[in-house]
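Survey of secondary and tertiary structure
Here are the chains, one letter per residue:
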Amino acid sequence: MKAFNMFFHPFAATCSLFLILSSCVESTEISIDKEEGAQITSSAETPTNIIFLIGDGMGTSQVSAAYFYGEEDAQPNFSRFPILGLINTTSGSDRITDSGAGATAFSIGQKSYNGAIGVDMQGEAVQTVNELLEDQGWQSGVISTSGITHATPASFYAHVAKRSQQYDIATSLVHSNISFFAGGGQKWFMNRPDSLNYLDSLTHYGFSVGTESLGSADHSKRVGYLLANDGLLAKHEGRDDFLPNATAEALEYFAQSDKPFFLMVEGSQIDWGGHENNGDYVIQEVLDFDKAIGVALDYAEKHGNTLVVVTADHETGGFSLSGDGKSMSGYGEISPTFSTGGHTATLIPVFAYGPGANYFGGVYENTAIFSKFFEALGQ
Ligand code: MG
Ligand code: ZN
């Protein structure tokens, strides 16, 4: 009986048909492009939804930390991705990018100058990936452990010349089509130089706003959480499971509707731990980000229609998992070390899962993430 079922399983049937007609070769054409690297240019399936997770400041050593400092018997969620890529994160103005240009490369598909938020090299606004999808009826959301007006999340809904314009970025969020956001940053909405109370403005534009805890907003409206004055607490200083829980709440929120969704989730403070050269800070933030990845992958596995892409805007700290730092024999222990208090130019890993994931294999520019989203969608 088991063998009978397998023979008539739709996938088995499709593949044997392919074997007869074309030996399954049609689905894997590879081409090499300067910007996009070697890529598989056709794929059998297109995703309905996209979850894009950005670990700010997360290079391969930060990812590796999850393998040495995570739970003893559990593999990190990074191990669940079948497709891997590498990106060059150099910005339009500098060899080493900042988080504004880094996230803007993903959101608009163009290299811009350090500090840019959703604008090109000339400072002109360019529609972001989620704004283009919103025009097609998609829902979109942003989640961050920094203030929600900080450079990374801002690059998906705001278009301003400088990342420091956080009051203007708050104005952009109020007027955006984002339907779910969660992070910190109350001060940019409530203690403004123009004396306006932007919590009222958010309510006016249809948001139910929670300022105390996740789960408190009305899911029949647009949902916004501002849960700290600016950045949320660091994980090693007592932040709860905000990032995985906000991701789960966003997915529950979007699943109420038949509309597709684009959700950006940022583990912001991997970067902050790197700037502080604080190994424990970095490691706790990476483990927390890995939990959020697990929530996204569980959803994608269950529903089968969701592309999950994980990457970073750049590496921070020149973080490494070295031995005792002195000799070639001190290999029994790992001690996290840093080479800088700033960002670095090292290539950054990309992890992809789900329909369209094949497009994300290879070595390419950070701007190609944007075009690969649309290629994965068949657009
Ligand atoms: Mg950031
Ligand atoms: Zn940074």
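Residues numbered from 1 in each chain as written. Chains lettered and ligands numbered in written order. Predicted model: local features only at pLDDT ≥ 70, side-chain atom pairs only at ≥ 80, totals over all residues. Heavy atoms only, no water.

Below, the discussion takes up the side chain of S179. With respect to the helices, strands and loops of the structure, S179 is situated in the loop between helix 7 (166-174) and strand 6 (180-184). Ignoring any residue separated from it by four or fewer positions in sequence, one finds S179 in contact with Q139, S140, F207, R222, V223, Y253 and F254. (Helix = DSSP H or I, 4+ residues; strand = E, 2+ residues; numbered from the N terminus. Contact = heavy atoms within 4.5 Å.)

Another point: the packing of helix 10 (residues 242-255) against helix 12 (residues 279-303). Two numbers describe how helix 10 lies on helix 12: the axes approach to 8 Å, and their chain directions differ by 20°. Taken together, the axis directions place helix 10 and helix 12 in an arrangement best described as roughly parallel. For the crossing formed where helix 10 meets helix 12, the hand is right-handed. Residues L243, P244, T247, A248, L251 and A255 of helix 10 form the contact with helix 12, whose own contacting residues are D288, F289, K291, A292, V295, A296 and Y299. (Axes fitted to C-alpha atoms, helices over the stretch in contact; angles between N-to-C directions. Parallel < 35°, antiparallel > 145°, perpendicular 65-115°, else oblique. Left-handed = near helix turned anticlockwise from the far one by under 90°.)

Moving on, we get to the coordination of the magnesium ion (ligand 1). In the first shell of the magnesium ion (ligand 1), the protein supplies D56 (OD), T152 (OG1) and E266 (OE), at 2.0 to 2.2 Å from the metal. Counting the intervening residues between successive donors of the magnesium ion (ligand 1) yields the motif D-x95-T-x113-E. Highlighted residues: T152 in helix 6 (residues 151-154) and E266 in strand 9 (residues 261-267), separated in sequence by 114 residues. For the pair shown, T152 and E266 are each scored as buried. (Donors = N, O, S within 2.8 Å, 3.2 Å for Na, K, Ca; no water. Buried < 20%, exposed > 50% of the residue type's maximum accessible area, 1.4 Å probe, protein only.)

With that out of the way, let us pick up the coordination of the zinc ion (ligand 2). For the zinc ion (ligand 2), the protein coordination sphere consists of D271 (OD), D271 (OD), H275 (NE2) and H343 (NE2), at 2.1 to 2.4 Å. In primary-sequence terms, the residues that donate to the zinc ion (ligand 2) follow D-x3-H-x67-H. You can see D271 sitting in helix 11 (residues 269-275) and its partner H343 sitting in strand 14 (residues 343-344), a full 72 residues away along the chain. Note on D271: relative accessible area 5%, which makes it buried.

A separate point is unusual backbone geometry. Phi at S195 takes a positive value of approximately 60°, unusual for a residue other than glycine. Here S195 is to be found in the loop between helix 8 (187-190) and helix 9 (198-204). Residues other than glycine seldom take positive phi values, yet N277 does so here, at roughly 50°.

This brings us to the packing of aromatic side chains. As enumerated under the stated definition, the model contains 19 aromatic pairs in all. Judged by centre distance (5.2 Å) and plane angle (45°), the rings of F78 and F351 are tilted. Remark: F351 occurs in strand 15 (residues 348-353) and F78 occurs in the loop between helix 3 (60-69) and strand 4 (83-88); sequence separation between them is 273 residues. Among the aromatic residues, those joined into a ring-pair cluster are F52, F106, F156, F262, F360 and F373. In this structure, R192 packs its charged tip against the face of Y198, placed 3.7 Å from the ring centre. (Phe/Tyr/Trp six-rings, centres within 6.5 Å; stacked < 30°, edge-to-face > 60°. Lys NZ or Arg CZ within 6 Å of the ring centre and 35° of its normal.)

Turning our attention to a nonpolar patch on the surface. Together, Y67, F68, Y69 and I334 make up a nonpolar patch on the protein surface, roughly 360 Å² of accessible area in all. Following the sequence through the fold, Y67 ends up in helix 3. Among the residues examined, Y67 registers a relative accessible area of 35% and is labelled partly exposed. (Patch = residues over 30% accessible without salt bridge, like charges linked within 9 Å, V, L, I, M, F, W, Y side chains within 5 Å. Areas by Shrake-Rupley, 256 points an atom, 1.4 Å probe, with all protein chains shown as cover. Salt bridge = Lys/Arg side-chain N within 4 Å of Asp/Glu carboxyl O.)

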